[in-house]
Amino acid sequence: MKKEYIIYKLSESIKSTSRIDNELFTKYNVKRGLRNEDHSGVLVGLTQIGDVVGYERLPEGLKAIPGRLLYRGIDVNDLVKGIHGENRFGFEEAAFLLLSGYLPNREELESFQSLIHAFMPLGQKTKMNILDLEGSNVMNILARCVLEMYTFDENPDDTSRDNLMRQSIDLISKFPTIIAYAYNIMRHSHGKTLHIRHPKEEYSIAENFLYMLKGEFSELEAKTLDRALVLHAEHGGGNNSTFTVRVTSSSGTDTYSSIAAAIGSLKGPLHGGANLAVMKMFDHLKENIRHWDKVTEIDQYLNKMLCKEAYDHTGLIYGIGHAVYTISDPRALLLKEMARDLAKEKEREEEYAFLELLEERAIENFMNFKGTKVNKRVCANVDFYSGFVYDMIGLPQEVFTPLFAMSRITGWTAHRIEELNFDSKRIIRPAYKNVAAERKFVPLKQR
C-alpha cells in the first residue's frame, strides 16, 4: 500500500471517529469550550491579577454593562489616563504592577526600567541563531528563541520566587528585541537591506521596539504603541493563551516551555490573529463600498456579509463581539482615542471616519440580523481598531500578532508566578466523557 494512500485512508477515518453529536454535550452537561449555556466562562480557578467585566449576574440572567478591565484591582482606564495624563510611557509601569501587585514609586520604577534595559540586548549566540532560523513566521521564530533561552539559563528549572521573577523580567525585556531582529532578518531573506539596531538606554520599550524595527518614529507613534501595549498586557486567566500558561505551569514545567506553549496558542487565528482578519476585511470594504459616508450602502454590504453572500462567506464581521464584553470593550475605547489623533497626524482621517461608521453600522446590523437569537449586546472589540493603529504607525502585518505576545508576556509571567505560588495548587486536569461504545479485539488474521 502506497504511503499517500494510507495517509488518505487514515484521514478519511476521521470523518466518523471524530464526530460527536451536539446533543451528547447537553445530555452529559458538558461545557463546550468551557462555556456555560449563557456563553459565560466556566469558573476553573481564582486569581488576583486581572478581571474582565462585561455583565452582571442577576437571578433572572445576565445584565449587560459597560466593560471594565482591571489590573490588580486598578481600572485600566484610570491606569492609562493617569500615566498618559502625566505625559509618560506606561508599559513598564503596567508590567511592574502586574508582576508585583502594586504601583511602583519613582525610585522603584526607574530601577525596574534600568533592569529591563540591561536585559534587552541579545547574546551573540541568540543573534546568530535568529540569523540561522529560516522561516516566514515571526511567531514561530519567537517560540523557538524562547525554547532556546532554556539552554542559556543557568537555572532553567528553578521555580523559586526569585528565579521566576528574574526569568519573567528577562522575557519581558527580550521579546521586543527578538521580534524586531526576527522581522528584519526575515525581511533580509527576501532581498531587503539588513538593519540591526541595538536598544537605547534612554528609550522606553515602545520607543526601542520602533527604533529597532524601523529606525525613525514620531512621538505620537511611540505613545500610541505604548498605550496598545498597556491595553494588551493582561486579560484575566481565562483567555486561551493565559490558560495555556496556567495549565502547563501547574505541571511544574520550566518557564520557557510554558511560555512557548502560550505563543503557540496566541499564534492561532481565533486568538492573536484577529486584528489581521479585521485589517483584511477593512481593506476589502474600502474597495467594495464606493461611498464611505453612505449608511444605506454600508448596511447593504454588511447584510450581505452576515448572510454569507459577500467577502469570505463566513457570516462574520470581524472585530465585532466579544466573549465577555457586551456594551463596550474598554480597550477599544481607549485605543480609538489614539487612533483618532494618529489619523490626523497621518492624514488618514477619511479612513478613520469610515472605520468609525463601520463600527456603528456593524453593531446595528448584527443585532437586527440576529434578533431574538442572541441574548446579549455586542460591541466592537480591541481588534477592530488595533490593526488600523499598527498600520498607521508603520508596522508590517507580520509583527501584528508578535506585538500581542510582546505585550501579553507580562500577563503570562504574572499568572505563571501566581500558579506556582498558590498554597493549595494542583495540577490542572479536567475530565472528558468518553462516548464511544466498547468493542472486542479482533486478531490481525481475522480483519
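Rules and cut-offs
Residues numbered from 1 in each chain as written. Predicted model: local features only at pLDDT ≥ 70, side-chain atom pairs only at ≥ 80, totals over all residues. Heavy atoms only, no water. Patch = residues over 30% accessible without salt bridge, like charges linked within 9 Å, V, L, I, M, F, W, Y side chains within 5 Å. Areas by Shrake-Rupley, 256 points an atom, 1.4 Å probe, with all protein chains shown as cover. Salt bridge = Lys/Arg side-chain N within 4 Å of Asp/Glu carboxyl O. Helix = DSSP H or I, 4+ residues; strand = E, 2+ residues; numbered from the N terminus. Buried < 20%, exposed > 50% of the residue type's maximum accessible area, 1.4 Å probe, protein only. Expected span 1.5 Å × (residues − 1). Bend = angle between axes of the 7 residues up to and from the residue. Pairing = 2+ DSSP bridges. Core = buried A, V, L, I, M, F, W, Y, C linked by side-chain atoms within 4.5 Å. Contact = heavy atoms within 4.5 Å. Polar contact = N/O pair within 3.5 Å; in protein donor to acceptor, adjacent residues only side chain to side chain. Phe/Tyr/Trp six-rings, centres within 6.5 Å; stacked < 30°, edge-to-face > 60°. Lys NZ or Arg CZ within 6 Å of the ring centre and 35° of its normal. Axes fitted to C-alpha atoms, helices over the stretch in contact; angles between N-to-C directions. Parallel < 35°, antiparallel > 145°, perpendicular 65-115°, else oblique. Left-handed = near helix turned anticlockwise from the far one by under 90°. Nonpolar A, V, L, I, M, F, W, Y, C, P; charged D, E, K, R; others polar.

## Looking at a nonpolar patch on the surface
So, step 1. A surface patch of nonpolar side chains, about 680 Å² in accessible area, is lined by Met1, Tyr5, Ile6, Ile7, Tyr8 and Leu10.
So, step 2. Relative to the helices and strands, tyrosine 8 is located in helix H1 (residues 3-17).
So, step 3. Overall, the relative accessible area of 44% leaves tyrosine 8 in the partly exposed class.

## Some words on helix H8 (residues 161-188)
So, step 1. In a regular helix each residue adds 1.5 Å, so 28 residues correspond to 40 Å; H8 covers 40 Å between its end C-alpha atoms and thus fits that length.
So, step 2. Along H8, the helix axis deviates most sharply at lysine 174, where the bend reaches about 35 degrees; the proline proline 176 sits within four residues downstream.
So, step 3. Among the 28 residues that make up H8, 22 are buried, leaving the element largely enclosed by the rest of the structure.

## A look at the pattern of salt bridges
So, step 1. The tally for this structure, following the rule as stated, stands at 24 salt bridges.
So, step 2. Close ionic contact of aspartate 170 with lysine 174 constitutes a salt bridge, the shortest N to O distance being 2.6 Å. In this pair, aspartate 170 and lysine 174 are both assigned in helix H8, 4 residues apart and thus about one turn of the helix distant. Both residues of the pair, aspartate 170 and lysine 174, belong to the buried class.
So, step 3. Of the charged contacts, one joins arginine 227 and glutamate 337 as a salt bridge, the two residues approaching to 3.2 Å between their closest N and O atoms. Of this pair, arginine 227 sits in helix H10 (residues 219-232) while glutamate 337 sits in helix H15 (residues 330-345), and the two are 110 residues apart along the sequence.
So, step 4. You can call arginine 227 buried: its relative accessible area is 5%.
So, step 5. Linked by salt bridges that have partners in common, Asp283, Lys286, Arg348, Glu351 and Asp391 make up one network.

## Let's talk about the sheet that holds strand S3 (residues 74-75)
So, step 1. Spatially, 3 strands are ordered S1-S2-S3 in an open sheet, and the strand pairing comes out antiparallel. Of all the strands in the sheet, just strand S1 (50-58) and S3 have a single pairing partner and so form its edges.
So, step 2. Of the pairings in the sheet, the one linking S1 to strand S2 (residues 61-71) comprises 8 bridges and is antiparallel in character. Across the sheet, residue valine 52 finds its bridge partner in S2, namely leucine 69.

## Considering the nonpolar core
So, step 1. Membership of the largest hydrophobic core comes to 114 residues, with the highest contact counts inside it found for Phe175, Leu225, Leu395 and Trp412.
So, step 2. In terms of residue count, H8 provides more of this core than any other element does, 13 residues in total.
So, step 3. In this view, leucine 395 contacts Phe209, Leu210, Leu213, Leu225, Tyr390, Phe400 and Leu403; residues no more than four positions away in its chain are not counted.

## Points about the side chain of threonine 410
So, step 1. Looking at the element boundaries, threonine 410 is found in helix H18 (residues 400-421).
So, step 2. Residue classification places threonine 410 among the buried residues on the basis of a relative accessible area of 0%.
So, step 3. Of the polar contacts made by the side chain of threonine 410, one reaches the backbone oxygen of alanine 233; its length is 3.2 Å.
So, step 4. Excluding anything up to four places from it in sequence, threonine 410 contacts Phe91, Ala95, Leu98, Leu99, Ile172 and Ala233.

## Digging into the packing of aromatic side chains
So, step 1. For the structure on display, the rule yields 13 aromatic pairs.
So, step 2. Judged by centre distance (5.3 Å) and plane angle (85 degrees), the rings of phenylalanine 96 and tyrosine 102 are edge-to-face.
So, step 3. Assessed through its relative accessible area of 10%, phenylalanine 96 is described here as buried.
So, step 4. The structure contains a cluster of three or more aromatic residues connected by ring pairs, namely Phe282, Trp292, Phe354 and Phe388.
So, step 5. The ring of phenylalanine 25 carries the charged tip of arginine 32 above its face, separated from the ring centre by 5.2 Å.
So, step 6. If you follow lysine 200 out to its NZ or CZ, it ends over the ring of tyrosine 211, 4.7 Å from the centre.

## Some points on the pairing of S2
So, step 1. As defined by bridge partners, S2 adjoins S3 across 2 bridges and the pair is classed as antiparallel. Bridging from a neighbouring strand, leucine 70 pairs with aspartate 75 of S3.
So, step 2. Counted between consecutive antiparallel strands, the loop separating S2 from S3 contains 2 residues, among which arginine 72 sits at a positive phi close to 55 degrees.

## Some points on unusual backbone geometry
So, step 1. Of note, arginine 72 is a non-glycine position whose phi angle comes to about 55 degrees, a positive value.
So, step 2. Its place among the elements puts arginine 72 in the loop between S2 and S3.

## Describing the side chain of threonine 401
So, step 1. Mapped onto the elements, threonine 401 comes out in helix H18.
So, step 2. Under the relative-accessibility criterion, threonine 401 is labelled buried at 7%.
So, step 3. A distance of 3.3 Å separates the side chain of threonine 401 from the backbone oxygen of glycine 272, its partner in a polar contact.
So, step 4. With sequence-adjacent residues up to four places away left out, threonine 401 is seen in contact with Met139, Leu266, Lys267, Gly272, Gly273 and Leu276.

## Regarding the environment of phenylalanine 25
So, step 1. With respect to the helices, strands and loops of the structure, phenylalanine 25 is situated in helix H2 (residues 22-27).
So, step 2. A relative accessible area of 22% places phenylalanine 25 in the partly exposed class.
So, step 3. Between the C-alpha atom of phenylalanine 25 and that of lysine 433, which follows or precedes it by 408 residues, the distance is 9.3 Å.
So, step 4. Leaving out residues up to four positions away in the same chain, phenylalanine 25 has contacts with Ile20, Val30 and Arg32.

## Here we look at the packing of helix H3 (residues 76-85) against H10
So, step 1. Put simply, H3 and H10 touch, their axes get as near as 11 Å, and they point 155 degrees apart. In this view, H3 runs roughly antiparallel relative to H10, as classed from their interaxial angle. Like other packed secondary-structure pairs, H3 and H10 cross with a definite hand, here right-handed. Facing Val76, Leu79, Val80 and His84 of H3, the residues of H10 in contact are Lys223, Asp226, Arg227, Val230 and Leu231.
So, step 2. Taken together, the residues of the contact of H3 with H10 sort by class into 5 nonpolar, 1 polar and 3 charged.

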